[in-house]
Amino acid sequence: MHSIAFVVPTKDRPDDLRKMLQSLAVQTRLPDQLIIVDGSDPPIKQVTDSFPQLNIDYVRVFPPSLAAQRNAGMRQLRPEITLAGYLDDDVVVEP
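The following paragraphs examine the structure supplied in this document. Predicted model only: the values in this text are computed from it and were never measured.

1. So, the sheet that holds strand β1 (residues 4-10)
Strand order in the open sheet formed by four strands is β3-β2-β1-β4, with parallel pairing between adjacent strands. Unpaired on one side and paired on the other, β3 (56-60) and β4 (83-86) mark the two borders of the sheet. For this sheet, the mean inter-axis angle between neighbouring strands, taken without regard to orientation, is 20 degrees. With six bridges joining them, β1 and strand β2 (residues 33-38) adopt parallel strand pairing. Within the sheet, the bridge partner assigned to Val-8 lies in β2 and is Ile-36. Against the sheet, helix α1 (residues 14-25) contacts β1, β2 and β3, and its axis sits at roughly 180 degrees relative to β2. Taken strand by strand, helix α3 (residues 66-75) contacts β1, β2, β3 and β4, and its axis lies near 150 degrees from that of β1.

Next comes the structure, spelled out in structure tokens:
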């Protein structure tokens, strides 16, 4: 079975990020690693801290850029991860 990770770049959208995390938290298979790459001002780490069940790694990239945030997230992948992808911070994942 694969180990799955998602990188989620975000900037100044705490409400959208919270909805996305809520939708992930109710899935039957949770990601093995979720990397939130925050370019917000002010930082929105308190949103990620509300979801301890999601195994979130929080990374701050400032000043933000989508490419820099994606690259920073991929550098955080754990060695055991075999599949990695990106999610937008405003996605709501269906069960």
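Back to the text.
2. Focus on the nonpolar core
Within the largest apolar cluster, twelve residues are counted, these being Val-8, Leu-17, Met-20, Leu-21, Leu-24, Leu-34, Ile-36, Ile-44, Val-47, Phe-51, Leu-54 and Leu-87. When residues of this core are traced back to their parent elements, those giving at least two are α1 and β2. Top contributing element to this core by residue count: α1, with four residues. Once residues lying within four places of it in the same chain are set aside, the contact partners of Leu-17 are Val-8, Thr-10, Ile-36, Ile-44, Val-47, Thr-48 and Asp-89. Of all hydrophobic cores here, the second largest spans six residues; its members include Val-7, Val-37, Val-61 and Ala-72.

3. Quick word on unusual backbone geometry
Residue Pro-42 is bonded to the preceding Asp-41 through a cis peptide linkage, with omega at 5 degrees. Here Phe-62 and Pro-63 are connected by a cis peptide whose omega angle stands at 5 degrees. In the Ramachandran plot, Asp-12 falls in the positive-phi region, its phi being about 60 degrees despite a non-glycine side chain. Looking at where Asp-12 falls in the secondary structure, it is placed in the loop between β1 and α1. You can call Asp-12 partly exposed: its relative accessible area is 37%. The phi angle at Asn-55 is positive, at roughly 55 degrees, despite the residue not being glycine.

4. Considerations on α3
Within α3, the full set of buried residues consists of Gln-69, Ala-72 and Gly-73. One side of α3 holds all its buried residues, which, seen down the axis, span an arc of 100 degrees. Lining the buried residues of α3 we find β1, β2 and β3.

Rules and cut-offs
Note that residues are indexed from 1 along each chain, following the sequence as it is written. Local features are withheld for residues below a pLDDT of 70 in this predicted model, meaning they are given only at 70 or higher, and side-chain atom pairs are given and counted only at 80 or more; totals for whole chains, interfaces and linings count all residues. Only hydrogens and water are set aside when side-chain values are computed; all heavy atoms of the structure are taken into account. A pair of strands is labelled paired if DSSP reports no fewer than 2 bridges between them. Only DSSP runs of H or I reaching four residues or more are called helices, and only runs of E reaching two or more are called strands; each is numbered from the N terminus. Interaxial angle, 0 to 180 degrees, is taken between N-to-C directions of lines fitted to C-alpha atoms, where a helix line uses only the stretch in contact. The contact criterion used throughout is that any non-hydrogen atoms of two residues lie within 4.5 Å. Among buried residues, the Ala, Val, Leu, Ile, Met, Phe, Trp, Tyr and Cys ones that are joined through side-chain atoms within 4.5 Å form a nonpolar core. In this scheme, a residue with accessible area under 20% of its type's maximum is buried, one over 50% is exposed, and one in between is partly exposed, where area comes from a 1.4 Å probe on protein chains only. Note: the arc covers the axis-to-C-beta directions of the helix.

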